Amino acid sequence: MLSAMIGAQTLQEFIVARESEFAYATGDLSRLLTDLSTAAKMVNRHVNRAGLSGIIGQHDGGNSTNVQGETQQKLDVYADNTFVRVLKSCLKVGGVVSEEQPDVIHVDHSKRAGGSGYGRYVVCIDPLDGSSNIDVNISVGTIFSILRRKSDMGSVPQIDDFLQPASDCVAAGYILYGSSTMLVYSTGCGVNGFTYDPSIGEFFLSHPDLKFPAESTIYSVNDARLADGPSVVQDYVNTVRAEGMNARYVGALVADFHRNLLKGGIFLYPGTTSRPEGKLRMLYEAQPLAFLAAQAGGSATDGHIDLLKRTPLSLHERTPLYIGEKAAVARLQAAFDGVRVKADS
Ligand code: AHM
Ligand code: MG
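Along each chain, residue indices are assigned from 1 in the same order as the chain's sequence is written. Starting at A for chains and at 1 for ligands, labels are handed out in the order in which the entities are written. Note on the predicted model: pLDDT of at least 70 is required for a residue's local features to be given, and 80 or more for side-chain atom pairs to be given and counted; whole-chain, interface and lining totals, by contrast, use all residues. Working from all heavy atoms in the structure, the side-chain values ignore hydrogens and water.

Digging into the site of ligand 1
Nearness of a residue to a molecule or strand requires only that one of the residue's heavy atoms be within 4 Å of it. Not every one of the 18 residues close to ligand 1 is listed here, only the nearest: Asp129, Asn222, Tyr249, Leu253 and Tyr269. The side chain of Glu99 places a nitrogen or oxygen atom 3.0 Å from an oxygen atom of ligand 1. Here an oxygen atom of ligand 1 sits 3.0 Å away from a polar atom, N or O, in the side chain of Glu285. Residue burial considers only the protein chains on display, and all accessible areas are found by Shrake-Rupley using a 1.4 Å probe. Alone, ligand 1 offers 470 Å² of accessible surface; in the complex the protein occludes 87% of this. Per the convention used, a helix needs a DSSP run of H or I reaching at least four residues, while a strand needs a run of E reaching at least two, with both numbered from the N terminus. For the shell around ligand 1, the secondary structure elements donating two or more residues are β3 (121–129), β11 (265–269) and β12 (280–281). Split by residue class, the shell around ligand 1 holds six nonpolar, four polar and eight charged. Note: domain ranges come from an automatic or database domain assignment. Looking at which domains feed residues into the shell around ligand 1, each of domain 1 (2–207) and domain 2 (218–344) gives three or more. Polar contacts here mean pairs of N or O atoms no more than 3.5 Å apart (in protein, one a potential hydrogen donor and the other a potential acceptor; neighbouring residues in sequence count only if both atoms are side-chain atoms). All residues other than Ala, Val, Leu, Ile, Met, Phe, Trp, Tyr, Cys, Pro, Asp, Glu, Lys and Arg, Gly among them, are scored as polar; the first ten of these are nonpolar and the last four charged.

This is how it looks when you write it as structure tokens:
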């Protein structure tokens, strides 16, 4: 890995080189992205050692649940603590919403040197997505978005600072802890991917200007839940299957999204009869990936509207999610629209 990376741009060099592309460049966002990459390295180290260190398994003997009522894994807790601790220490951050915590974490820097109240950015994060994969040594990820607060800088962030449409993200990205660890992010000027070289502790630019391939060859859906979802989605899957598309489903959103971004495809997680609102969360799963998809020439919808345009109403809101290469998503959207028109006539 090391020899292949010699001469490649490091994440830090890239962040600094691209700073001027950002409309409000003051270096604050660069600082924040750098801090996120530091936390990613710390989490990566634990994820990679999970089988060795006795850290796998459920936190607190399975007695601890997060705000969604799901059992927390030890690594969920470690990743949450690590990202939140690093973000709290970043002077640019005024608040954080984490999948693992019910309320907004307010970050007051007024007692710190150089701090003046609450920072200008808020961060939404799923610290360890797909964590049920940890015990079986399959990829997991971190997903984040960064928003500029609408409320006055320095004051306590308000809930509306977090409830902004994905189109208003300042940056978004993910870290994939897979066969190698990658950090993929966008500040609204394309999507770039960086591969981690653990031997020297650096992320290197390995996937510049990522774009979905024009043709989709893969669909990703939890087949077991398909029959409980909208018939539009069932029909769509049956059609693309008959046309020769291949099925791939990891069960970790970051891994499924990343593969489809590289290979061309669509990920589908519909609402079901028992959970019409779907499983995935708007703020720290759907929205960051919708922002990235758009930057990579793809798109995302909930079946009704483009997810870039939807304003969330609550911190842990869920949504159906259909995301990937643009034509594949547009075709599904047209099928949804067609059914709606028929029902209205
Ligand atoms: P999590 O945030 O509790 O880890 O759940 C989200 C994960 C996604 O990574 C993945 O796409 C989805 O749940 C898989 O769900 P299912 O097992 O229902 O197919
Ligand atoms: Mg998650």
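Considering helix α9 (residues 253–263)
Partly exposed residues are those whose accessible area sits between 20% and 50% of the maximum for their type, while under 20% is buried and over 50% is exposed, using a 1.4 Å probe and protein chains only. Taken across its 11 residues, α9 has nine buried, putting it largely inside the fold. Listed in full, the buried residues belonging to α9 are Leu253, Val254, Ala255, Asp256, Phe257, His258, Arg259, Asn260 and Leu261. Where α9 ends, the next residue or the one after it, Gly264, has phi of about 95°, a positive value.

Here we look at empty space enclosed by the protein
Taking a probe equal in size to a water molecule and rolling it over the atoms shows the remaining empty space. With a 1 Å grid spanning the protein atoms alone, the term cavity applies to any set of points in which a 1.4 Å probe fits but cannot get out, the term pocket to an open set with protein on both sides within 12 Å along at least five of seven lines, and the term lining residue to any residue with an atom within 4 Å of a point. Grid points are joined across faces, edges and corners, and a volume is the space filled by probe spheres set on the points. Within this structure, the stated rule accounts for three cavities of 30 Å³ or more. There is about 40 Å³ of room inside the second largest cavity. In terms of lining, the second largest cavity is formed by Val221, Asn222, Arg225, Leu226, Leu268, Tyr269, Pro270 and Thr272. Of all the elements in the fold, those that place two or more residues in the lining of the second largest cavity are α7 (223–226) and β11.

Some thoughts on the sheet that holds strand β8 (residues 202–207)
Overall, mixed pairing links the eight strands, which are arranged β2-β1-β3-β4-β5-β6-β7-β8 in an open sheet. The outermost strands of the open sheet, each flanked by one partner alone, are β2 (105–106) and β8. When DSSP finds at least two bridges between two strands, those strands are taken to pair. In terms of strand pairing, strand β4 (residues 140–148) meets strand β5 (residues 169–177) through eight bridges, oriented antiparallel. Bridge pairing in β5 places Ser145 opposite Ala172.

Brief notes about the coordination of the magnesium ion (ligand 2)
As a rule, N, O and S atoms within 2.8 Å of a metal are its donors, except that Na, K and Ca use 3.2 Å; water is not among the atoms, so sites may look incomplete. Taken together, the protein ligands of the magnesium ion (ligand 2) are Glu99 (OE), Asp126 (OD), Asp129 (OD) and Glu285 (OE), with distances of 1.9 to 2.5 Å. Within one chain, the residues serving as donors to the magnesium ion (ligand 2) are arranged as E-x26-D-x2-D-x155-E. Here Asp126 is found in strand β3, whereas its partner Glu285 is found in helix α10 (residues 282–295), with 159 residues between them in sequence. Both residues of the pair, Asp126 and Glu285, count as buried.

Describing the pattern of salt bridges
For this document, the term salt bridge refers to a Lys or Arg side-chain nitrogen within 4 Å of an Asp or Glu carboxyl oxygen. One pass over the structure, following the stated rule, counts 11 salt bridges. For Lys211, the salt bridge identified is with Asp209, shortest N-O distance 3.7 Å. Given the relative accessible area of 44%, Lys211 is considered partly exposed. Since its relative accessible area comes to 45%, Asp209 is described here as partly exposed. Residues Arg241 and Asp223 are paired through a salt bridge, measuring 3.3 Å at the closest nitrogen-oxygen approach. Here Arg241, found in helix α8 (residues 231–242), pairs with Asp223, found in helix α7; they are 18 residues apart in sequence, far enough to count as distant. Each member of the salt-bridge network shares a partner with another, and the members are Asp28, Lys92 and Arg120.

A word on the side chain of Ser37
Tracing the backbone shows Ser37 in helix α3 (residues 28–48). Note on definitions: a residue-residue contact is assigned when non-hydrogen atoms from the two residues lie within 4.5 Å. The residues touching Ser37, leaving out its near neighbours within four places in the chain, are Leu11, Leu183 and Phe203.

Digging into the nonpolar core
Definition of nonpolar core: a set of buried residues of the types Ala, Val, Leu, Ile, Met, Phe, Trp, Tyr and Cys, connected through side-chain atoms within 4.5 Å. Of all hydrophobic cores here, the largest spans 42 residues; its most connected members are Phe83, Leu128, Ile146, Tyr177 and Tyr185. The leading source of residues in this core is α3, at eight residues. Not counting chain neighbours up to four residues away, the residues in contact with Phe83 comprise Leu36, Ala39, Ala40, Val43, Ile125, Pro127, Thr142, Ile175 and Tyr177. Judged by nonpolar contacts, the second largest core, of 41 residues, contains Phe212, Leu283, Ala286 and Leu321.

A word on α8
Expected helix span is given by 1.5 Å per residue-to-residue step, counting one fewer step than there are residues. Under the 1.5 Å per step criterion, the end-to-end length of α8 is 16 Å for 12 residues, consistent within 8% with the ideal 16 Å. If you check which residues of α8 are buried, you get Val232, Val233, Tyr236, Val237 and Val240. Projected onto a plane normal to the axis of α8, the buried residues spread over an arc of 130° and lie on a single side. Residues of α8 that are buried in the fold lie against β9 (218–221), α7, β11, β15 (321–325) and α11 (326–344). Directly after α8, the chain includes Gly244, whose backbone phi takes a positive value near 105°. Of all possible arcs, the one meant is that of the directions from the helix axis to the C-beta atoms.

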